Amino acid sequence: MKQILHIISSANGQSSVSIQLGNAIIEKIRQTYPGSVIKERNLLENPLPHLEEAHITSFFTPPEYRTPENLEAIIHSDEVIKEIKEADILVIGAPMYNFGIHSTLKTWIDHLIRVGLTFKYDDKGNQQGLIEGKKVYLALVSGAVYSEGPMRPADHVEPYLKTILSFIGLSDITSFRVEGLAIQGLKDTAFQKAIESICIS
Ligand SMILES: Cc1cc2nc3c(=O)[nH]c(=O)nc-3n(C[C@H](O)[C@H](O)[C@H](O)COP(=O)(O)O)c2cc1C
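Analysis parameters
Residues numbered from 1 in each chain as written. Predicted model: local features only at pLDDT ≥ 70, side-chain atom pairs only at ≥ 80, totals over all residues. Heavy atoms only, no water. Helix = DSSP H or I, 4+ residues; strand = E, 2+ residues; numbered from the N terminus. Rg over C-alpha atoms; globule rule 2.2 N^0.38 Å. Buried < 20%, exposed > 50% of the residue type's maximum accessible area, 1.4 Å probe, protein only. Areas by Shrake-Rupley, 256 points an atom, 1.4 Å probe, with all protein chains shown as cover. Lys, Arg positive; Asp, Glu negative; His and termini not counted. Charge placed at Lys NZ, Arg CZ, Asp CG, Glu CD. Salt bridge = Lys/Arg side-chain N within 4 Å of Asp/Glu carboxyl O. Phe/Tyr/Trp six-rings, centres within 6.5 Å; stacked < 30°, edge-to-face > 60°. Axes fitted to C-alpha atoms, helices over the stretch in contact; angles between N-to-C directions. Parallel < 35°, antiparallel > 145°, perpendicular 65-115°, else oblique. Left-handed = near helix turned anticlockwise from the far one by under 90°. Contact = heavy atoms within 4.5 Å. Nonpolar A, V, L, I, M, F, W, Y, C, P; charged D, E, K, R; others polar. Near = heavy atom within 4 Å. Polar contact = N/O pair within 3.5 Å; in protein donor to acceptor, adjacent residues only side chain to side chain.

Description of the overall build of the chain
So, step 1. Broken down by element type, the chain carries 6 helices and 7 strands.
So, step 2. Helices and strands in the chain line up, N terminus first, as β-α-β-α-α-β-α-β-β-β-α-β-α.
So, step 3. Its C-alpha atoms give the chain a radius of gyration of 18 Å, within 12% of the compact-globule value 17 Å for 201 residues.
So, step 4. Along the three orthogonal principal directions, the C-alpha set of the chain runs to about 60 × 40 × 35 Å.
So, step 5. Here the chain holds 201 residues, and 45% of them are scored as buried.
So, step 6. About 10600 Å² of surface is accessible on the chain, with carbon and sulfur atoms providing 52% of the total.
So, step 7. Mean positive and mean negative side-chain charge positions of the chain (19 and 24 charges, respectively) differ by 5 Å.

Written out as structure tokens, the structure is:
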């Protein structure tokens, strides 16, 4: 039995392919770990505020000196970090928009990366992630093909997510892709192909 956190960042509502892929991954996780509990964070339905001065001021104010305004500003970040800490497995839906992630997912990341809480520098100045022992599955969706071929260098979704998640210690990452949704000859089989590739380790 695992605690699964499903992060949704599609702007396509109910027709979202990344939500369907994320749900298919979760279904396979549940077959492997019966009784698993799922928590969903839909970043489009409940968007987090963009990072502003008030958030950053609060991040860098020691807890004992935080004013009521500082405490108000830090609520979202604390919630995001608490959710991650409570989860055993993360399923992150990341559709490609303009070669990158949706801005709501970027904002979620901006609230997640906190010195002293999700990463730190040791005495020698070495960076260390503080979120450990969790599995991450990425549900990646795109109109073109990025896993191989000429468009590969234009993928700013998977490399970015792997870099930033590993930075805080989430380095056990497996990706599943529905790709080629805009390409004749690929789009009709892309989803089924992705579903068949899902393997829970
Ligand atoms: C505004 C917008 C920008 C997009 N940009 C890209 C892109 O840069 N590259 C790509 O391969 N597909 C792109 N797509 C296609 C989406 O990745 C595709 O529609 C996917 O299904 C979106 O996932 P979702 O259904 O979960 O929202 C874009 C789609 C939209 C609506």
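From this point, the narrative continues.
Brief notes about the pattern of salt bridges
So, step 1. Counted according to the given criterion, the structure contains 11 salt bridges.
So, step 2. For Asp155, the salt bridge identified is with Arg177, shortest N-O distance 2.9 Å. In this pair, Asp155 is assigned in the loop between strand S6 (135-141) and helix H5 (158-167) and Arg177 in strand S7 (residues 172-178), connecting sequence segments 22 residues apart.
So, step 3. Given a relative accessible area of 6%, Asp155 falls into the buried group.
So, step 4. Across the salt bridge formed by Glu179 and Arg177, the nearest N and O atoms sit 3.9 Å from each other. Like Arg177, Glu179 is buried.
So, step 5. Salt bridges sharing common partners tie together Asp155, Glu158, Lys162, Arg177 and Glu179.

With respect to the packing of aromatic side chains
So, step 1. A complete count under the given rule lists 3 aromatic pairs for this structure.
So, step 2. With a centroid separation of 5.7 Å and 90 degrees between ring planes, the pair formed by Phe119 and Tyr121 is classed as edge-to-face.
So, step 3. Since its relative accessible area comes to 9%, Phe119 is described here as buried.
So, step 4. Judged by relative accessible area, Tyr121 falls into the partly exposed class, the value being 48%.
So, step 5. Seen from their ring centres, Phe119 and Phe167 are 4.7 Å apart, and the 50 degrees between their planes marks the pair as tilted.

Brief notes about the packing of helix H4 (residues 103-112) against H5
So, step 1. Direction vectors running N to C along H4 and H5 enclose 15 degrees, while the axes themselves pass 11 Å from each other. Classified by the angle their axes make, H4 and H5 are roughly parallel. For H4 against H5, the interelement crossing comes out left-handed. On H5, the residues touching Leu105, Lys106 and Ile109 of H4 are Tyr160, Leu161 and Ile164.
So, step 2. By residue class, the composition of the contact of H4 with H5 is 5 nonpolar, no polar and 1 charged.

Observations regarding the site of the ligand
So, step 1. Every one of the 16 residues lining the ligand counts as a neighbour, but Ser10, Ser16, Ser18, Met96 and Tyr97 are closest to it.
So, step 2. Contacts to the ligand include Asn12, whose side-chain N or O atom sits 2.8 Å from an oxygen atom.
So, step 3. Asn98 places a polar main-chain atom, nitrogen or oxygen, 2.8 Å from a nitrogen atom of the ligand.
So, step 4. Of the residues belonging to the shell around the ligand, the class tally is 9 nonpolar, 7 polar and no charged.

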